[in-house]
Amino acid sequence: MAPTKDDDAIARALAETDEDLPDIDKLRRPPDALPPRPRRIVVALDTFADWFGQVLAWLVLALVVVVVMESIRRYAFNAPSIWAYDVSYMLYGTIFMLGAAVTLRFRGHIRTDLFFNTWTPRTQAGVDLAFYILLFFPGMLFFLIAGYDQAARSYAISERAAASFWRPILWPYRAVIPLTAALVMLQGVSEIIKAWYQFRTGRPV
């Protein structure tokens, strides 16, 4: 179907107002500038992030179903459930945290583009490398260890939520924190490989 005038107007508006948004289609393409071995590693990690993001998207549908169903029960039949509140915040928190690795894959995390976009590709890559090594991986390692300790303790004492009468067990929800840290670090390996070769060659990867 041919694009309409409205479609063209929307495309122009997006081009004018969202020019700094990442090019998703470009980021999905394999990084041909990399040598064969690191390219295979990057493609494998990025493909896993893409697949995981598609699986995670189904949790959004589950969250919508829970919220809509609870709204109907509560306001149409005056019969709220005892489990919907816990399920909804656990689903939302899981989506928010586990989506961090996919967001990193598509460069969706906040950065100071006012300065970053004015630098050369080599300078951009050098700054990325420094922050990945000095802050990113140590910070994610801390979250991995601390999150694992919390999840293990929650499992050991059979911790339960106290926000509702349902009182579900909490350790699966707490386990999302170390899982998130592990997934983000895994994607970080892909990003640091890209940054390293961009720093060496001075060409965007």
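Located above this text is the structure these notes cover.
Here we summarise the structure given alongside this text.

## Considering the packing of helix H6 (residues 121-156) against helix H8 (residues 176-201)
Contact geometry of H6 with H8 gives a least axis separation of 9 Å together with a crossing angle of 165°. By the angle class used here, H6 and H8 are roughly antiparallel. Our pair here, H6 against H8, has a crossing hand that is left-handed. In the contact of H6 with H8, the residues fall into 23 nonpolar, six polar and four charged.

## Quick look at the packing of helix H3 (residues 36-76) against helix H4 (residues 84-105)
It is the contact of H3 with H4, at a shortest axis distance of 9 Å, that shows an interaxial angle of 155°. With respect to each other, H3 and H4 are oriented roughly antiparallel. Between H3 and H4 the crossing geometry is left-handed. By residue class, the composition of the contact of H3 with H4 is 16 nonpolar, four polar and four charged.

## Remarks on the nonpolar core
Core analysis: the biggest nonpolar cluster contains 17 residues, and Phe52, Leu98, Phe136 and Val184 have the highest contact counts within it. At the level of secondary structure, the elements contributing two or more residues to this core comprise H3, H4, H6 and H8. Ranked by residue count, the leading element in this core is H4, at five residues. When near neighbours in sequence (up to four residues on either side) are disregarded, Val184 contacts Ala100, Ala101, Leu104, Phe136 and Met140. Residues Val66, Ala84, Leu91 and Ile95 belong to the second largest nonpolar core, which totals five residues.

## Describing the packing of aromatic side chains
Counted by the stated rule, this structure contains 11 aromatic pairs. With a centroid separation of 6.3 Å and 25° between ring planes, the pair formed by Tyr92 and Phe96 is classed as stacked. With Tyr92 and Phe96 both in helix H4 and four residues apart, this pair spans about one turn of that helix. Relative accessible area serves as the criterion here: at 52%, Tyr92 is assigned to the exposed category. Taken together, a centroid distance of 4.9 Å and an interplanar angle of 90° make the contact between Phe136 and Phe137 edge-to-face. Assigned by exposure class, Phe136 and Phe137 land together as buried. Three or more aromatic residues link up through ring pairs in this structure, and these residues are Phe48, Trp51 and Phe52. The residue whose ring lies beneath Arg105 is Phe106, and the NZ or CZ to ring-centre distance is 4.6 Å.

## Side note on H8
When the terminal C-alpha atoms of H8 are compared, their 38 Å separation across 26 residues agrees well with the 38 Å that a helix rising 1.5 Å per residue should span. At the C-terminal side of H8, Gly202 shows a positive phi close to 75°.

The rules behind these values
Residues numbered from 1 in each chain as written. Predicted model: local features only at pLDDT ≥ 70, side-chain atom pairs only at ≥ 80, totals over all residues. Heavy atoms only, no water. Axes fitted to C-alpha atoms, helices over the stretch in contact; angles between N-to-C directions. Helix = DSSP H or I, 4+ residues; strand = E, 2+ residues; numbered from the N terminus. Parallel < 35°, antiparallel > 145°, perpendicular 65-115°, else oblique. Left-handed = near helix turned anticlockwise from the far one by under 90°. Nonpolar A, V, L, I, M, F, W, Y, C, P; charged D, E, K, R; others polar. Core = buried A, V, L, I, M, F, W, Y, C linked by side-chain atoms within 4.5 Å. Buried < 20%, exposed > 50% of the residue type's maximum accessible area, 1.4 Å probe, protein only. Contact = heavy atoms within 4.5 Å. Phe/Tyr/Trp six-rings, centres within 6.5 Å; stacked < 30°, edge-to-face > 60°. Lys NZ or Arg CZ within 6 Å of the ring centre and 35° of its normal. Expected span 1.5 Å × (residues − 1).

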